[in-house]
Protein chains: 4
Amino acid sequence: MTAVDDVRSTVLRLRAELCALHAELVRYGLVVWTAGNVSARVPGHDLLVIKPSGVDYDALTPDAMVVCDLDGRVVDGLHAPSSDTEAQAYVYRHRPDVGGVVHTHSPYAVAWAARGEAIPCVTTMCADEFGGDIPVGPFAIIGDDSIGRGIVDTLASSRSPAVLMQNHGVFAVGATAKAAVKAAVMCEDVARSVHLARQLGEPIPIEQRHVDALFDRYQNVYGQR
Amino acid sequence: MTAVDDVRSTVLRLRAELCALHAELVRYGLVVWTAGNVSARVPGHDLLVIKPSGVDYDALTPDAMVVCDLDGRVVDGLHAPSSDTEAQAYVYRHRPDVGGVVHTHSPYAVAWAARGEAIPCVTTMCADEFGGDIPVGPFAIIGDDSIGRGIVDTLASSRSPAVLMQNHGVFAVGATAKAAVKAAVMCEDVARSVHLARQLGEPIPIEQRHVDALFDRYQNVYGQR
Amino acid sequence: MTAVDDVRSTVLRLRAELCALHAELVRYGLVVWTAGNVSARVPGHDLLVIKPSGVDYDALTPDAMVVCDLDGRVVDGLHAPSSDTEAQAYVYRHRPDVGGVVHTHSPYAVAWAARGEAIPCVTTMCADEFGGDIPVGPFAIIGDDSIGRGIVDTLASSRSPAVLMQNHGVFAVGATAKAAVKAAVMCEDVARSVHLARQLGEPIPIEQRHVDALFDRYQNVYGQR
Amino acid sequence: MTAVDDVRSTVLRLRAELCALHAELVRYGLVVWTAGNVSARVPGHDLLVIKPSGVDYDALTPDAMVVCDLDGRVVDGLHAPSSDTEAQAYVYRHRPDVGGVVHTHSPYAVAWAARGEAIPCVTTMCADEFGGDIPVGPFAIIGDDSIGRGIVDTLASSRSPAVLMQNHGVFAVGATAKAAVKAAVMCEDVARSVHLARQLGEPIPIEQRHVDALFDRYQNVYGQR
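Note that the structure is a prediction, hence the values are computed from the model and not measured. (Residues numbered from 1 in each chain as written. Chains lettered and ligands numbered in written order. Predicted model: local features only at pLDDT ≥ 70, side-chain atom pairs only at ≥ 80, totals over all residues. Heavy atoms only, no water.)

Enquirer: Describe in detail the overall build of chain A, supporting the description with residues and values.
Expert: Scanning chain A from N- to C-terminus turns up seven helices and eight strands. At 17 Å, chain A has a C-alpha radius of gyration in line with the 17 Å of a compact globule built from 225 residues. With the principal axes as the frame, chain A shows a C-alpha extent of 55 × 35 × 30 Å. Within chain A, buried positions represent 62% of all 225 residues. Within chain A, one finds 19 positive and 27 negative side-chain charges whose respective centroids are separated by 3 Å. (Helix = DSSP H or I, 4+ residues; strand = E, 2+ residues; numbered from the N terminus. Rg over C-alpha atoms; globule rule 2.2 N^0.38 Å. Buried < 20%, exposed > 50% of the residue type's maximum accessible area, 1.4 Å probe, protein only. Lys, Arg positive; Asp, Glu negative; His and termini not counted. Charge placed at Lys NZ, Arg CZ, Asp CG, Glu CD.)

The following block contains the structure:
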């Protein structure tokens, strides 16, 4: 098999994977209408695959996904790519460990983002997946590097795979697109639980050493090896 | 094809489209039981197509939709039309750019409407779709032009395609019925996010120039061209 | 056809109807696990048909429904009837206009009931269906006439087809079982909207003459004649 | 049939039952992604059957379930067992009456748990199923007996089949796995109703004698005998 065949079959696989993962955003209520998107890096190539802009979730097929280079230029695809492509390309350029990026406007997370407030780590689920608070990034407007830079800079000082961009929504990253979707799902779940907890009083903080122990176990022991 | 054939085939297409769009209201949880409705203008004719009054969403078929003139009188149909037909006919008469109207009692939007309070533009999604606050119209009672006039007058001083009628619910408009449904879906999503944000503090305002930039990009660049 | 055939075929029809209506309680999220129930009067007979006690909603079939007399004694059925049978039998004995009764613990309605607070009529949907506030009945315990009496006495001074029994849940009545289910669905929808409205301020009252006009129109004009 | 055949067929039945019960956790919105689990004791044997760790709910099959001894060691299974196995094994060792255990991070219950606050018994549903307040157990970290001990010790002084572990989530027990799932479902429902009630004022307490009467009737009369 040639290198060209290899990238072709990888892209084919990623198109199908992304199609299934977009359905998870719908299932978990993280998106409405055409908002939100998932992308994946093509491993070993300066390429990403991403949702087309403004296309209904029901109409998404593997073929509809768009392949771009890491400057956000379309390389292969029938549609214009997501308007978040530049932000996500920035993340892939500056975070070689990231293989997938998700963007949502999930409602409880947006509520924290609209106040510019980090989600405090007061549940074991938050410690497990995020290793501390879920941080807030700056207000940044589409059209240049500012969203991508806001994501990368904010995540640099955190163990969290998710960031709340102020007044905007969630960007979540992972080693794979599936891991990024998992982080986006759990981000909304934590945003909701902590919102509800705060409505009727003050949640009890979790000591840092317990947060560390929970994060370590969940990252290294949980699941199938 | 004669002009008569043309209007017939257009009405046939709109009946089917409306049937599918009513299912979106159910899917997004914007309606319960028989409440709410979608209508469409028959382009180039003084006609509209609308949901029948008080019919179960499960029982809606293309045939069940009712064709009325722009005074709300039934022209073709087996059922009595929605009791909101007069209000929507008023909108079509006074807003030639409008091709579709939606009415819902979606819960978070109704909460703002019951307080007579506009939804402040504190999320990028609100700036994108509504170009500012989602405004509140007057209390108006069914039976004359007051609901239609309230919708048209309120929207006249706003870029928003949706208005919260006081103590009542949402009316959303669009170039097509699908665009109006999109506005109704996003109105509830924004109503919910901002409600949640406000419950635990004050959301950060978005500067007017950023609202303008977001609205401009979303209206003119987002999606497929 | 004899009178006996007649009651048999009516019961057969009601068993099937109730089976479908119980699925609506699930669909609208008004019940969890085996809680809640719908019953129907057998018109012209001192009989009612009701859900069996503690049976899974998924396992409900027309055959599983139980026929009782209006003292709550089983006349025909393979299962023990709902533990709310006595309360509902009381309603049928004292309200000859009632053909169906529904009981749920729907969450927003229960929240009002737990505070012993009537839901104020601040939305047009509430005026349409309930003609005013949704009233609260007394705390009453299962085992004698007190729940049934609480329902009937509270509804006597109201146009509402639904009552919130204190610390307990919703009882809704209608000319048919379907109308009672509709009232239960709209009761939860109103309970939720007004709850949300109240969380961030005070809803605007609707003037009594407007409540009257809305109720009159909805009861007499809305829907298909 | 030999004793070995007997345990084999019991395990086979429990694998299938657990598979179906995990789907109930998803249906009722008690879990997201791979979080949460249900286990069952193998009656008459020092064995339990439990969900594998970190496996998608959609991918769960009877075969995927893991059989462990009551020290949490795998006896039969293709996967690593849930990381809650030790906690649940502790419960089975110390509560011979328990045949099933469920763990969830259901959102409203987690909100109470994050504040370390018991859910007060202010609804008849809570009295029916929990016989009083739903208690809070200590903060306990995975890796030794502390979660299991916290569950058992907290439930010892309560009639409730569910406990909120501080900052963590729900553990519910029952005579069977299905009864434990029921308790987990009702725990979230009660957690939500009482949360909503408290948001707008103070719920009315239920007198202890009424709580006792409701609990007694629900445990001994409700349902099919």
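Text resumes after the structure shown.
Enquirer: Just give me the short version of the packing of aromatic side chains, but keep the residues and values in it.
Expert: Scanning the model with the defined rule gives eight aromatic pairs over all chains in all. Taking NZ or CZ as reference, Arg115 of chain A lies 4.8 Å from the ring centre of Trp112 of chain A, over its face. (Phe/Tyr/Trp six-rings, centres within 6.5 Å; stacked < 30°, edge-to-face > 60°. Lys NZ or Arg CZ within 6 Å of the ring centre and 35° of its normal.)

Enquirer: Which residues make up the relation of the copies chain B and chain A, and what values go with them?
Expert: Mapping chain B onto chain A calls for a rotation angle of 90° and an axial translation of 0.0 Å; the resulting RMSD is 0.0 Å. Within this description, the copies of the chain are treated as partners about a four-fold rotation axis. No C-alpha of chain B approaches the rotation axis more nearly than that of Gln199 of chain B, which lies at 5.3 Å. In this assembly the copies use different faces: only 3% of the residues contributing to the interface of chain B also contribute to that of chain A. (Least-squares fit on C-alpha atoms with pLDDT ≥ 70 in both. Contact = heavy atoms within 4.5 Å.)

Enquirer: I'd like a description of the interface of chain A and chain D, backed by residues and values.
Expert: Contacts between the two partners involve 31 residues from chain A and, on the opposite side, 31 residues from chain D. Summed over both partners, the interface of chain A with chain D buries about 2,800 Å², with 62% contributed by carbon and sulfur atoms. Counting every contact that joins chain A to chain D gives two salt bridges. A salt bridge links Arg27 of chain A to Asp58 of chain D; the nearest nitrogen and oxygen atoms lie 2.4 Å apart. Here chain A is connected to chain D by 15 residue pairs in polar contact (both at pLDDT 80 or more). Classifying every residue of the side of chain A that touches chain D by side-chain character gives 15 nonpolar, eight polar and eight charged. (Buried area = accessible area lost by both parts, 1.4 Å probe. Salt bridge = Lys/Arg side-chain N within 4 Å of Asp/Glu carboxyl O. Polar contact = N/O pair within 3.5 Å; in protein donor to acceptor, adjacent residues only side chain to side chain. Nonpolar A, V, L, I, M, F, W, Y, C, P; charged D, E, K, R; others polar.)

Enquirer: Now, about helix H7 (residues 208-220) of chain C: what can you tell me, with residues and values included?
Expert: Compared with the 18 Å implied by 1.5 Å per residue over 13 residues, the 18 Å span of H7 of chain C between its first and last C-alpha is a close match. If you check which residues of H7 of chain C are buried, you get His210, Val211, Leu214, Phe215, Arg217 and Tyr218 of chain C. (Expected span 1.5 Å × (residues − 1).)

Enquirer: Talk me through the interface of chain B and chain A; I want residue IDs and the actual numbers.
Expert: Across the contact, 31 residues belong to chain B and 31 residues belong to chain A. Of the roughly 2,800 Å² buried where chain B meets chain A, counting both sides, 62% is carbon and sulfur surface. Across the chain B-chain A interface, the total number found is two salt bridges. Where chain B meets chain A, there are 15 residue pairs in polar contact (both at pLDDT 80 or more). Mapped onto the side of chain B that touches chain A, the elements with two or more residues apiece are helix H1 (3-27), helix H4 (124-130), helix H6 (177-199) and helix H7 (208-220) of chain B.

Enquirer: Explain the sheet that holds strand E8 (residues 169-174) of chain A to me, using residue names and the numbers behind them.
Expert: All names here are of chain A. Judged by pairing direction, the sheet is mixed, and its eight strands sit side by side in the order E4-E3-E2-E1-E5-E8-E7-E6 without closing on themselves. Each edge of the open sheet carries a strand with a single partner, namely strand E4 (74-76) and strand E6 (136-137). Relative to strand E3 (residues 66-69), strand E2 (residues 47-50) is paired through four bridges, and the arrangement is antiparallel. Note on E3: the bridge partner recorded for Val49 is Val67. The strands that helix H1 (residues 3-27) touches are strand E1 (37-42), E2, E3, E4 and strand E5 (100-104); relative to E1, the one it contacts most, it runs at about 160°. In this fold helix H6 (residues 177-199) packs onto E1, E5, strand E7 (162-165) and E8, with an angle of close to 140° to the strand it touches most, E8. (Pairing = 2+ DSSP bridges. Axes fitted to C-alpha atoms, helices over the stretch in contact; angles between N-to-C directions.)

Enquirer: Describe in detail the pairing of strand E5 (residues 100-104) of chain C, supporting the description with residues and values.
Expert: Residue and element names in this part refer to chain C. Of all five residues making up E5, five are buried, and the element is well covered by its neighbours. Here E5 shows a buried face lined by Gly100, Val102 and Thr104 and a second buried face lined by Val101 and His103. By the bridge criterion, four bridges tie strand E1 (residues 37-42) to E5 in an arrangement that is antiparallel. By the bridge assignment, Asn37 is partnered in E5 with His103.

Enquirer: Any details on the environment of Asp216 of chain D? Residues and values, ideally.
Expert: All names here are of chain D. Its location among the elements puts Asp216 in helix H7 (residues 208-220). For Asp216, a relative accessible area of 45% gives the class partly exposed. For Asp216 and Glu188, which are 28 residues apart along the polypeptide, the C-alpha to C-alpha distance reads 22 Å.

Enquirer: An account of the relation of the copies chain A and chain D is needed here, citing residue identities and associated values.
Expert: Mapping chain A onto chain D calls for a rotation angle of 90° and an axial translation of 0.0 Å; the resulting RMSD is 0.0 Å. Different-surface contact between copies: only 3% of interface residues of chain A are shared with the interface of chain D.

Enquirer: Give a detailed account of the packing of helix H2 (residues 85-94) of chain D against helix H5 (residues 146-156) of chain D, specifying residues and quantitative values.
Expert: Helix-helix packing is characterised by the crossing angle of the two axes and by the distance between the axes. Residue and element names in this part refer to chain D. Between H2 and H5, the shortest axis-to-axis distance is 7 Å and the interhelical angle comes to 45°. Judged by the inter-axis angle, H2 sits oblique to H5. With respect to the hand of their crossing, H2 and H5 are arranged in right-handed fashion. Contacts between H2 and H5 involve Ala87, Tyr90, Val91 and His94 from the former and Ile147, Gly148, Arg149, Ile151 and Val152 from the latter. Classifying every residue of the contact of H2 with H5 by side-chain character gives six nonpolar, two polar and one charged. (Parallel < 35°, antiparallel > 145°, perpendicular 65-115°, else oblique. Left-handed = near helix turned anticlockwise from the far one by under 90°.)

Enquirer: Lay out the environment of Thr10 of chain B with the relevant residues and their values.
Expert: All names here are of chain B. In this structure, Thr10 sits in helix H1. In sequence terms Thr10 and Val42 are 32 residues apart; their C-alpha atoms lie 7.0 Å from each other. Not counting residues up to four positions away in its chain, the partners in contact with Thr10 are Val42 and Pro43.

Enquirer: Run through the side chain of Ser53 of chain D, naming residues and quoting values.
Expert: Tracing the backbone through its elements, the reader meets Ser53 of chain D in the loop between strand E2 (47-50) and strand E3 (66-69). For Ser53 of chain D, a relative accessible area of 3% corresponds to the buried category. With near-sequence residues (within four places) excluded, Ser53 of chain D lies in contact with Tyr222, Gly223 and Gln224 of chain A together with Ala80, Pro81, Ser82 and Ser83 of chain D.

Enquirer: Can you lay out the UniProt feature "domain: Class II aldolase/adducin N-terminal" (unreviewed entry) in chain A for me, pointing to particular residues and giving the numbers?
Expert: When the UniProt feature table is mapped onto this chain numbering, "domain: Class II aldolase/adducin N-terminal" (unreviewed entry) sits at residues 16-195 of chain A. Helix makes up 38% of residues 16-195 of chain A and strand 19%, with an end-to-end C-alpha separation of 35 Å. (UniProt positions renumbered as here; feature names shortened; annotations may be inferred.)

Enquirer: Describe the pairing of strand E1 (residues 37-42) of chain D, and please don't skip the residues or the numbers.
Expert: All names here are of chain D. Most of E1 sits out of view: six of its six residues are buried. Here E1 shows two buried faces, one formed by Asn37, Ser39 and Arg41 and the other by Val38, Ala40 and Val42. By the bridge criterion, four bridges tie E1 to E2 in an arrangement that is antiparallel. Note that in E2 the partner of Ala40 across the bridge is Val49.

Enquirer: Lay out unusual backbone geometry in plain terms, naming residues and giving numbers.
Expert: Residues and elements named next belong to chain C. For Trp33, which is not glycine, the phi dihedral falls at a positive 55°. The phi dihedral of Asn167 falls on the positive side, at around 60°, and the residue is not glycine. Tracing the backbone through its elements, the reader meets Asn167 in the loop between strand E7 (162-165) and strand E8 (169-174).

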